[in-house]
Amino acid sequence: MTNKMLKFVSVQQRQPEKRTADDRRVDFDEIYEDFVPAGATEQASRCSQCGVPFCSVHCPLGNNIPDWLMLTAQGRLEEAYGVSSATNSFPEICGRICPQDRLCEGNCVIEPGFESVTIGAVERYITDTAFENGWVRPTRPFAEREESVGIVGAGPAGLAAAERLRAAGFQVHVYDRYDRVGGLLVYGIPGFKLEKHIVSRRHDLLVESGVVFHLGQGIGSGEGELSFEALRARHNAVLIATGVYKSREIGGPGAGLAGIERALDYLTASNRRSLGDTLPDEAQALDASGKHVVVLGGGDTAMDCVRTAIRQGAKSVRCLYRRDKANMPGSAREVKNAEEEGVQFEWLAAPEAFVGDGHVTGVRATRMKLGLPDASGRQSVEALEGSSFTLEADLVIKALGFDPEPLPQLWAQPGLEVSRWGTLKVGQQDFQTTVPGVFAAGDIVRGASLVVWAIKDGREAAASIQQWIEANNTAAAAREQG
Ligand code: FAD
Ligand code: SF4
Ligand code: SF4
């Protein structure tokens, strides 16, 4: 075994080829090419098969990374897929969009000096190969069960739970207000990070396995929506996996001018355009073509906006972030990709006011400096007096983060308790909310987070739902007997 491994000293790190920035700028296709088989085998062989694999410890799913790397190095790809898919419902998605530099790869022990094993790219390669060879099959339960579970939200948390519950034989119904499955995987994250057919082939598999989707069906008290009570009456248990969609806003002079838009509205319009949808009139203007674009924020959403604007043919694209590059919350790899594609970053700069007469024409900003660390250890930021400057802008995109929608009010469910951040409160171990038989997972519990955490929560919530239903059945049987 070991003669195939431990090659990190002689074999250099190599990611799959990246398309040139010129190529990337003109379409929404993924930017990384596929690994050639020899490349994946060679890269997997760099792993040193650690006794305590820190890569796995720092993967939210606890993936058995050294095992599937070894199997890949040995050319045993079907087995590698078996190991990889045992802990991850959608490894090909995580392989593409996890911020590996902060998770598995960032904690690979060969990183200091030798650059980490390319774990994400190998994970993606294993599952893409499995799809090509027909090894990825719909889940088939050993036995059907009559109990049903209603899942609200077809994002990664809801889909991962649906897959697990269906494997256990439950009748699974997923409700989503959108017309497509995937949540932010489809309408938030752009195609250059994750092509949409990767998500729709998972949708197809879930349908084949017997999961029933009710698309275009919102849960709530609005027109055409199904009430939460009606949903509960239909199912033995319910999982809420609705994500977080309330955009953080910005105030100040001119903040109400036309042309100042929310990031998710902008990205959804772009994704819908790529999918061939006809946009409603109000979304037509959400296009950067021929415009000077300024994006406010420094997270992954901001990176997706700036890179989308480049592809739409913006005249200029600038990103305003109030801290410096080292303190940016977005993935360093995405910042690099954005810089290569022509985005200009204004580090240590914050907006003060928006200029324009009816429609925005510029953003007045001020330079910032980093101050002393606050209680959380993060350096505070202070404005530098007299440092104002104005950036030309016809389109300003606010990518300042997301908060949860107030579900207890929207759904008239005062019994659903929320944290002080508005996220749903759940039991630490069982994902059950303060309403018995109602569980929650993903961003609606964690706040805006990552796909890999949503998958983890969805899988664990599914196990808890199964336990809860079985415990209820046992209690009911005992009552009948006694
Ligand atoms: P979501 O994916 O938000 O899905 C929730 C679903 O619930 C949606 O389909 C929604 O329509 C549905 N829903 C909501 N309310 C209702 C209702 N009342 N009735 C019916 N349906 C409802 N993470 C990464 O790991 N890597 C990245 O590169 C990355 N990039 C991102 C880029 C952007 C622009 C954004 C916004 C997020 C990004 N994230 C990324 C974060 C990641 O997308 C989320 O953490 C993840 O999708 C959360 O999954 P979820 O299932 O909890 O919610
Ligand atoms: Fe790394 Fe994400 Fe895969 Fe875990 S799921 S091994 S963190 S890429
Ligand atoms: Fe292999 Fe790196 Fe994980 Fe160690 S930490 S098992 S070298 S991938």
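Everything quoted here is computed from the prediction, not taken from an experiment. (Residues numbered from 1 in each chain as written. Chains lettered and ligands numbered in written order. Predicted model: local features only at pLDDT ≥ 70, side-chain atom pairs only at ≥ 80, totals over all residues. Heavy atoms only, no water.)

As for the overall build of the protein chain
Regarding its fold elements, the protein chain presents 19 helices and 16 strands. Over its C-alpha atoms the protein chain spans a radius of gyration of 24 Å, differing by no more than 12% from the 23 Å that the globule rule assigns to 482 residues. Dimensions of the protein chain, computed from the C-alpha atoms along their principal axes, are close to 80 × 60 × 50 Å. Residues classed as buried in the protein chain amount to 53% of the 482 residues present. Taking the 51 positively charged and 63 negatively charged side chains of the protein chain as two groups, their mean positions are separated by 3 Å. (Helix = DSSP H or I, 4+ residues; strand = E, 2+ residues; numbered from the N terminus. Rg over C-alpha atoms; globule rule 2.2 N^0.38 Å. Buried < 20%, exposed > 50% of the residue type's maximum accessible area, 1.4 Å probe, protein only. Lys, Arg positive; Asp, Glu negative; His and termini not counted. Charge placed at Lys NZ, Arg CZ, Asp CG, Glu CD.)

Considerations on the packing of helix 5 (residues 77–87) against helix 8 (residues 119–132)
What describes two packed helices is the angle between their axes and the distance between those same axes. For the pair helix 5 and helix 8, interaxial distance at closest approach is 9 Å and the crossing angle is 110°. As the angle between them shows, helix 5 and helix 8 are arranged roughly perpendicular. The handedness of the crossing between helix 5 and helix 8 is left-handed. Residue-level contacts link Leu77, Ala80, Tyr81 and Ser84 of helix 5 to Glu123, Tyr125, Ile126, Thr127, Thr129 and Ala130 of helix 8. The residue makeup of the contact of helix 5 with helix 8, split by class, is six nonpolar, three polar and one charged. (Axes fitted to C-alpha atoms, helices over the stretch in contact; angles between N-to-C directions. Parallel < 35°, antiparallel > 145°, perpendicular 65-115°, else oblique. Left-handed = near helix turned anticlockwise from the far one by under 90°. Contact = heavy atoms within 4.5 Å. Nonpolar A, V, L, I, M, F, W, Y, C, P; charged D, E, K, R; others polar.)

Remarks on the site of ligand 3
Within the structure, ligand 3 sits among Cys47, Ser48, Cys50, Pro53, Cys55, Pro66, Leu69, Cys108, Val109, Val117 and Ile119. Considering only residue class, the shell around ligand 3 consists of ten nonpolar, one polar and no charged. (Near = heavy atom within 4 Å.)

Things to note about the confidence of the model for the protein chain
Of all residues in the protein chain, 99% attain a pLDDT of 70 or more, and the chain-wide mean is 94. As a predicted assembly, this complex carries a pTM of 0.96 together with an ipTM value of 0.99. (pLDDT = per-residue confidence, 0-100.)

Describing the sheet that holds strand 16 (residues 438–440)
Pairing in this open sheet of five strands is parallel, and the strands run 3-2-1-4-16 from one edge to the other. With one partner strand each, in any of the chains shown, strand 3 (212–215) and strand 16 form the two edges of the open sheet. Geometrically, the sheet is characterised by an average inter-axis angle of 20° between neighbouring strands, direction not taken into account. Pairing between strand 1 (residues 148–152) and strand 2 (residues 171–176): five bridges, direction parallel. Pairing of Val152 across the sheet is with Tyr175, part of strand 2. Of the strands in this sheet, strand 1, strand 4 (237–240) and strand 16 touch helix 19 (residues 451–481), which is tilted by about 160° from strand 4. (Pairing = 2+ DSSP bridges.)

Some remarks on the pattern of salt bridges
Evaluated as defined, the whole model comprises 39 salt bridges. One salt bridge in this structure joins Arg25 and Asp22, with 2.1 Å as the shortest N-O distance. Taking relative accessible area as the criterion, Arg25 reaches 28% and is therefore assigned partly exposed. The shortest N-O distance in the salt bridge between Glu460 and Lys456 comes to 3.2 Å. Taken together, the positions of Glu460 and Lys456, both in helix 19 and four residues apart, correspond to about one turn of that helix. (Salt bridge = Lys/Arg side-chain N within 4 Å of Asp/Glu carboxyl O.)

Some details on the sheet that holds strand 14 (residues 395–398)
Within a sheet, each strand pairs with its neighbour through backbone hydrogen bonds, oriented either parallel or antiparallel. Here five strands make up an open sheet; going across it, the order is 6-14-7-8-9 and the pairing parallel. Looking at which strands have only one partner, the edges of the open sheet turn out to be strand 6 (260–262) and strand 9 (344–346). When the angles between neighbouring strand axes are averaged without regard to direction, this sheet yields 25°. Note that strand 8 (residues 316–320) and strand 9 share three bridges and pair parallel.

Quick look at the environment of Pro37
Residue position: Pro37 is located in helix 2 (residues 37–44). On the basis of relative accessibility, which here comes to 52%, the residue Pro37 falls in the exposed class.

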